[in-house]
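Results of the structural survey
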Amino acid sequence: MSEHTSEPARPTIISPDTQRGDAKTRTPPGQTLTAKWPVLHYGKVPKVDPHAPGWSLRVFGRCDNEYELTYDELRAMPSVDVVCDMHCVTHWSRLDNRFTGVPTRAIIERAKPDPDVKFVMCHGENGFTTNVSLDQFIADDCILAYQWDGQELTAEHGYPVRGIVPRLYLWKSAKWLRGIELRYTDAPGFWEQNGYHMKGDPWKEQRFGW
Ligand SMILES: Nc1nc2c(c(=O)[nH]1)N[C@H]1C(S)=C(S)[C@@H](COP(=O)(O)O)O[C@H]1N2
Ligand SMILES: [Mo]
């Protein structure tokens, strides 16, 4: 008997936007499909060792239970597969991606957020930030992902862990994630301060402006 038979089955969640129909119906306005997965970010790819002292994933802000996870603790949490499409504001979309990771809802609930928390700010390495409404961030298809297509994320794509917020433009999916801040009020993150939209719904083409 395989040693894997006793592992609990990992649920697969198919993002609602991925269930809209054929490739054409699933492609938001102004987007072009790509088969390759482009790499996009500001600055250099950080070299992150999640087992080095000092690395943690921190959940903090307006809540009763701020906490930090080591990488092993994160990897030990119940995980799901999410199948979703990626839409970059620079007009490429890539359909049918399978990411593996921990549901953001579980990450947020553990912090016991104040009732007035309405937004999160995701913090990446080197000061990168992006803002997402709490509702969007705890949707069923939102995860902190560490694998894509069954392989560990590469450094370029956000190793050791990144946000995946499938229903928004991909800049809302912070690579090299280090913290999630719970907030009462919205505030622009890095790209938002540089003109990108506060919400970023690709179906409404919320590319620029507030
Ligand atoms: N830490 C960090 N995360 C980031 C960015 C960044 O500059 N820094 N750029 C965003 C943008 S604009 C895009 S389109 C996606 C690209 O993800 P990919 O390189 O895996 O395709 O990452 C997002 N996450
Ligand atoms: Mo982007």
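Our subject in this report is the structure included herewith. (Residues numbered from 1 in each chain as written. Chains lettered and ligands numbered in written order. Predicted model: local features only at pLDDT ≥ 70, side-chain atom pairs only at ≥ 80, totals over all residues. Heavy atoms only, no water.)

1. Examining the packing of aromatic side chains
How we decide: By convention, a stacked pair of Phe, Tyr or Trp rings (six-membered ring in the case of Trp) has centres within 6.5 Å and planes under 30 degrees apart, an edge-to-face pair has planes over 60 apart, and any other such pair is tilted. Numbering of helices and strands runs from the N terminus; a helix is a DSSP stretch of H or I covering at least four residues, while a strand is a stretch of E covering at least two. Only protein chains enter the accessibility calculation, which uses a 1.4 Å probe. A residue is then buried if its area is under 20% of the maximum for its type, exposed if over 50%, and partly exposed in between. Two limits define a charge over a ring: the Lys NZ or Arg CZ must be within 6 Å of the ring centre, and within 35 degrees of the ring normal.
The full count for this structure, using the stated rule, is 10 aromatic pairs. Look at Trp37 and Phe99: their rings are 5.8 Å apart centre to centre, the planes differ by 80 degrees, and that puts the pair in the edge-to-face class. Here Phe99 lies in strand E6 (residues 92-103) and Trp37 lies in the loop between strand E2 (32-33) and strand E3 (57-61), a separation of 62 residues in the sequence. Pair check on accessibility: Trp37 and Phe99 agree, each one buried. Ring geometry for Tyr196 and Phe208: centres 5.5 Å apart, planes at 65 degrees, overall edge-to-face. Taken together, the positions of Tyr196 in the segment after helix H4 (190-193) and Phe208 in the segment after H4 put the pair 12 residues apart, joining distant regions of the chain. What makes Phe208 exposed here is its relative accessible area of 55%. Through successive ring pairs, a cluster of aromatic residues spans Tyr42, Phe128, Tyr169, Trp171, Phe190, Trp191, Tyr196 and Phe208. When the ring centre of Tyr67 is taken as reference, the NZ or CZ atom of Arg110 above it lies at 4.7 Å.

2. Focus on the layout of surface pockets
Our working rule: Cavities and pockets are found on a 1 Å grid laid over the protein atoms alone: a cavity is a set of points where a 1.4 Å probe fits but cannot escape, a pocket is an open set with protein on both sides within 12 Å along at least five of seven lines, and a lining residue has an atom within 4 Å of such a point. Grid points are joined across faces, edges and corners, and a volume is the space filled by probe spheres set on the points. Amino acids outside the nonpolar list (Ala, Val, Leu, Ile, Met, Phe, Trp, Tyr, Cys, Pro) and the charged list (Asp, Glu, Lys, Arg) are all regarded as polar, and Gly is one of them.
Taken as a whole, the largest pocket encloses approximately 420 Å³ of empty space. A breakdown of the residues in the lining of the largest pocket according to their chemical character gives 16 nonpolar, 7 polar and 4 charged. Estimated volume of the second largest pocket: approximately 170 Å³. In terms of lining, the second largest pocket is formed by Phe119, Asn131, Val132, Ser133, Gln136, Leu168, Lys172, Asp186, His197, Met198, Lys199 and Trp210. Per element, the largest residue contribution to the lining of the second largest pocket is 3 residues, and it comes from strand E8 (residues 129-133).

3. Observations concerning empty space enclosed by the protein
Applying the stated rule across the entire model yields 1 cavity of 30 Å³ or more. Of the voids in this model, the largest cavity is the one considered here, and its volume is about 50 Å³. Lining the largest cavity are Cys84, Asp85, Met86, Phe99, Ile164, Val165, Pro166, Leu168, Leu170 and Ser173. With 3 residues, the top contributor of residues to the lining of the largest cavity is strand E5 (residues 80-87). Considering only residue class, the lining of the largest cavity consists of 8 nonpolar, 1 polar and 1 charged.

4. A word on the nonpolar core
Our working rule: Buried residues of nine kinds, namely Ala, Val, Leu, Ile, Met, Phe, Trp, Tyr and Cys, make up a nonpolar core once their side-chain atoms join them within 4.5 Å.
Core analysis: the largest hydrophobic core is formed by 34 residues, its most contacted members being Leu74, Ile107, Val120, Phe137 and Leu144. Listed by contribution, the elements that provide at least two residues to this core are E3, strand E4 (67-69), helix H1 (71-76), helix H2 (104-109), strand E7 (119-124), helix H3 (134-137), strand E9 (143-148) and strand E12 (177-183). For this core, the element with the highest residue contribution is E12, accounting for 3 residues. Counting residues in each nonpolar core, the second largest holds 13 residues, with Trp37, Val82, Cys88 and Leu170 among its members.

5. Quick notes on the site of ligand 1
What counts here: A cutoff of 4 Å decides nearness: a residue is near a molecule or strand if any of its heavy atoms lies inside that distance of it. The definition of a polar contact used here is a pair of N or O atoms within 3.5 Å, where within protein one atom must be able to donate a hydrogen and the other to accept one, and adjacent residues in sequence count solely through side-chain atom pairs. Each molecule is assigned to a cavity or pocket provided more than half of its atoms lie within 2 Å of the corresponding grid points.
What surrounds ligand 1 is a group of 18 residues, the closest being Pro38, Tyr42, His157, Arg162 and Lys175. In this structure, an oxygen atom belonging to ligand 1 sits 2.6 Å away from a side-chain N or O atom of His157. At a threshold of 2 Å from the grid points, most atoms of ligand 1 map onto the largest pocket. Of the residues that constitute the shell around ligand 1, the class distribution is 13 nonpolar, 3 polar and 2 charged.

6. Brief notes about the pairing of E5
Note the threshold: Only when DSSP finds a minimum of two bridges between them are two strands counted as paired.
Taking burial as the measure, the 8 residues of E5 include 8 buried ones, the bulk of the element. What you see with E5 is no split at all: Val80, Val82, Cys84 and Met86 on one side and Asp81, Val83, Asp85 and His87 on the other are buried throughout. Pairing analysis gives 3 bridges linking strand E1 (residues 12-14) to E5, with the strands arranged parallel. Bridge pairing links Thr12 to Asp81 in E5. Sheet topology note: the E5/E6 ladder contains 7 bridges and is antiparallel.

7. Description of the pattern of salt bridges
Definition in use: Think of a salt bridge as a Lys or Arg side-chain nitrogen and an Asp or Glu carboxyl oxygen that are within 4 Å of each other.
Going through the model one piece at a time under the given rule, you end up with 12 salt bridges. One salt bridge connects Asp81 with Arg98, and the closest N-O pair in it is separated by 2.9 Å. Residue Asp81 is found in strand E5, and its partner Arg98 is found in strand E6; the two are separated by 17 residues along the sequence. Relative accessible area serves as the criterion here: at 8%, Asp81 is assigned to the buried category. On the accessibility criterion, Arg98 (34% relative accessible area) is partly exposed. Its salt-bridge partner being Glu205, residue Arg207 comes within 2.8 Å of it at the nearest N-O pair. With a relative accessible area of 6%, Arg207 lands in the buried category. When its relative accessible area of 36% is taken as the criterion, Glu205 is described as partly exposed.

Structural measurements only, silent on function.
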